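Examining the three-dimensional arrangement
If you want the building blocks of each chain, they are given just below.
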Amino acid sequence: MDSIRDSQNYLMKTALQHISESVFVGLCRKLGNSQMVAMRRDVMDIKEIVENQARTSDGFSMMVSGSRREGFRLKGSDVDSMNWPNNHHVIWELSQSQYYNTHRQTLILCDCSESPPGFTLLCLLSPSMDRNIQTACVSINNRHYISSSKYRQITCSESFTEKTQHGPCASGTYLRLVEYDEAYCFVSDFWPPSASSWIDRCHSWPQPHVVDDVVKNGCHFVPIGHKLGRHEIHEWRISFSLAEQKLVNSMNHCQFLTYGLLKLLLTEIINNGLDEDDKLLCSYHMKTAVFWVIQQNTIPHWCPQNLLGCFWVCFKLILKWVYEGVCPNFFIPDNNMFLSKIHGDKQHQLYIRLYGLYEKGLAFLLHSPSIRSYFINVLHNPRLSICTDEHTLISETKFDRNLYIEIIIYNMLIKKGIHSCMRYLNAIEQIISSYLLTQYQVLMLQKLANNVFCEIAFKLHMKTYTNNNQLRYRVDKISRYMLKLAAKFGCISDMLYIAMYYYKTLRYMEALSIIEMIKIKLAQPYVMYVYNVDTEMYIEAVGGQSWSAKMRQAVAWDIILDNRIHCISELILEQRTAIQNKRITLHVPQFILLYMLEILCYRHVDTMRVLAALDDLQTLVHYDQGQFIPLHLRDISWQILGICQQVTGNLQAALYSYRQSLRQVPSNMIHTATQMRIEQIEQLL
């Protein structure tokens, strides 16, 4: 009997290891292997470094956190941005004031005496010159405190883009693709005394150098109070976002995937079908559980063969927390993160829901559409050989596509003028000379430089030098040089900025020459247009080459126009109304812009060829099935077709196109311009 039982246990253990390996493979494909996760982090890291070095004169620093900063790209993974004034510092005790020049720095003292653990009041020790802070001040016991609710309301209302208030943040969506939360907060260079026990617990994890790095970077304070706090509307929550980011980065890949599997459990099983008010558990609770399990060192081996075992330990800890109604903050355990949210009937209902899953064992993961197939593959074929070598799980083409998408999404910079652009170029130059950069960061810096060069070229042209022909010639020469540099650092479609400049400066033949060159390059069968690529052709043409070479030769993507810069006069109405609707950029599919420029140029040099170009544009807009015009850019595509039809005299066709534009997802927020153009045509007809 013992031998039979031993054999059964062995078979069960072997089967669990095989399923764990299969799920590991599935999670690598869905969430990314360690190389892809590192790439995502590197791209965001270098963008943040450039922003902070260039914006020092603005008086603010920023940090990006959240799921996307951690390396996830799941649906709903948001970007949390934290911004704080450089000349305001929070201290925990008056003796720490000796480290600051109080003539230049405004000091703020933490007052935790009447706040729940993890929360505090912020008392101004000296007057602030910041108007927002002055307005947000309230008097408590004859002392001036910065009210979190007032400060949050003020900073949220000042935002340029359209946002809604969400907790301590202002929330919005970048081109309806990436959700983000932006919080205006304060920073402390000192580690909170209430979190000192965390340092003492760090015996096995994280490593001492990570602990030192975490502690020396202090913490932040975000504008939200505790619901049970005596001064809820004025309290601030102590934020460990930077510390958490460093801890997630210190995880091995199996630990990271365990965290990712818990996030999938939350969205696809626990919270699936629930109303927002009934979603009591959140991703932060999942992350906290992983932190505690890793630090308690209860799992000897975090590896692909033990992935589901690691997941099960974390799940049981969450179940225990829900049963007890206590979720201890990882840094300040006295801060029970369930205190005001998970209690009473809701706590009991959640526990019943989770315990029902527990009784099913790991089989409940079959309800997850993301990993179900990886379970079933092994159950149907127990002897299936599974390779867990991460580098074999994601193809070169898929990795490249993900890399370029990261660069597209995060290459926008906060620039306000030529001087601001020059600060960015100086920052990029300093970073190249003083940082040890990864290959992904070098590529990102190239694209950022490309972005800045284009902006300088058009901003220089916007400055009129009508009384000085020599100066105008020099400016034109510099602008053209900048655009050629930009094309050298960018992708194929970045050459369109040169064509736009030639069109704007009435050099129609030069613009058409560039357009023909771009057409030839884009016609190559190996070109990756972000949304689609012929894998075999791509690998045959550029496989194994550097990412920089691939980007120049075989990559194209949409054109992003800054709405404050008018590169094409025919789009000024759209750009102005987009700004009124709080959209700072206009995103245009590359082929749409290419055909538009071709039509506009031929109007001046060869009217016989205008109709042929217009026919190409019309065919693309009418019949494209998402290959070159993604769904979220169909509004601007129909709009541009209408503009081209209107300028060539076909008002009825233009009217139809404008009406089609109104029916699309309003990603570019140009509907006001569309309505104006419709009214204009209706008056003419």
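None of the values given here were measured: they were computed from a predicted structure.

Along any regular strand, the residues point their side chains to alternate faces of the sheet. Of all the 6 residues making up strand β5 (residues 119–124), 6 are buried; the element is thus mostly covered by neighbouring parts of the structure. Going residue by residue along β5, you find Phe-119, Leu-121 and Cys-123 tucked away on one face and Thr-120, Leu-122 and Leu-124 tucked away on the opposite face as well. Of the pairings in the sheet, the one linking strand β4 (residues 106–111) to β5 comprises 4 bridges and is antiparallel in character. Residue pairing for β5: Ile-108 is matched across the bridge by Leu-124. Both β5 and strand β13 (residues 236–239) contribute to a ladder of 2 bridges, which runs antiparallel.

Covered by surrounding structure in strand β6 (residues 137–140) are Val-138 and Ile-140 only, the residues Cys-137 and Ser-139 on the alternate face being uncovered. Relative to strand β7 (residues 143–146), β6 runs antiparallel, the two being bridged by 4 bridges. Note on β7: the bridge partner recorded for Ile-140 is Arg-143. In textbook terms, the turn of a hairpin is the stretch between consecutive antiparallel strands, and for β6 and β7 this stretch comprises 2 residues, one of which, Asn-141, has a positive phi near 55°.

Our focus in this paragraph is the side chain of Thr-155. Inspection of the secondary structure puts Thr-155 in helix α5 (residues 148–157). Among the residues examined, Thr-155 registers a relative accessible area of 9% and is labelled buried. At 2.9 Å, the side chain of Thr-155 and the backbone oxygen of Tyr-151 are in polar contact. If we skip the residues at most four places from it in the chain, Thr-155 touches Asn-132 and Tyr-184.

Right, let's get into the packing of aromatic side chains. Applying the stated criterion across every chain, the model contains 40 aromatic pairs. Geometrically, the ring pair formed by Phe-315 and Phe-364 is tilted, given 5.2 Å between the ring centres and 50° between the ring planes. Pair noted here: Phe-315 is in helix α11 (residues 307–324) and Phe-364 is in the loop between α12 (344–360) and α13 (372–380), with a separation of 49 residues, a long-range link. In this structure, Phe-315 and Phe-364 share a single accessibility class: buried. An aromatic cluster is defined as three or more aromatic residues linked by ring pairs; in this entry it consists of Trp-191, Trp-198, Trp-205, Phe-240, Phe-291, Trp-292, Phe-330 and Phe-331. For Arg-41, the ring lying beneath its charged end belongs to Phe-256, and the centroid distance is 5.1 Å. Here Lys-263 stacks its cationic end above the ring of Phe-72, 5.0 Å away from the centre of that ring.

The full count for this structure, using the stated rule, is 21 salt bridges. Here Arg-230 ties to Glu-114 by a salt bridge, and the two come within 3.3 Å at their closest N and O atoms. Here Arg-230 is found in the loop between β12 (219–222) and β13, whereas its partner Glu-114 is found in the loop between β4 and β5, with 116 residues between them in sequence. Look at Glu-114 and you get partly exposed, because its relative accessible area is 33%. In this structure, Glu-324 and Lys-320 form a salt bridge, with 3.4 Å as the shortest nitrogen-oxygen distance. Placement of both Glu-324 and Lys-320 in helix α11 is noted, with a separation of 4 residues, approximately one turn of the helix.

Ranked by size, the top nonpolar core spans 113 residues in total, and within it Met-500 and Ile-568 carry the most contacts. Contact partners of Met-500, with chain neighbours within four places excluded, come to Phe-458, Ile-559, Leu-561, Cys-567, Ile-568, Leu-593 and Leu-597. One finds Phe-72, Trp-191, Val-322 and Phe-364 within the second-largest nonpolar core, a separate group that totals 97 residues.

Moving on, we get to the packing of helix α22 (residues 572–580) against helix α27 (residues 671–684). The N-to-C vectors of α22 and α27 enclose an angle of 135°; their axes lie 7 Å apart at closest approach. With respect to α27, the axis of α22 lies oblique. Contacts between α22 and α27 involve Leu-573, Glu-574 and Thr-577 on the former and, on the latter, Thr-672, Ala-673, Met-676 and Arg-677.

So, how was this worked out
Residues numbered from 1 in each chain as written. Predicted model: local features only at pLDDT ≥ 70, side-chain atom pairs only at ≥ 80, totals over all residues. Heavy atoms only, no water. Buried < 20%, exposed > 50% of the residue type's maximum accessible area, 1.4 Å probe, protein only. Helix = DSSP H or I, 4+ residues; strand = E, 2+ residues; numbered from the N terminus. Pairing = 2+ DSSP bridges. Polar contact = N/O pair within 3.5 Å; in protein donor to acceptor, adjacent residues only side chain to side chain. Contact = heavy atoms within 4.5 Å. Phe/Tyr/Trp six-rings, centres within 6.5 Å; stacked < 30°, edge-to-face > 60°. Lys NZ or Arg CZ within 6 Å of the ring centre and 35° of its normal. Salt bridge = Lys/Arg side-chain N within 4 Å of Asp/Glu carboxyl O. Core = buried A, V, L, I, M, F, W, Y, C linked by side-chain atoms within 4.5 Å. Axes fitted to C-alpha atoms, helices over the stretch in contact; angles between N-to-C directions. Parallel < 35°, antiparallel > 145°, perpendicular 65-115°, else oblique.

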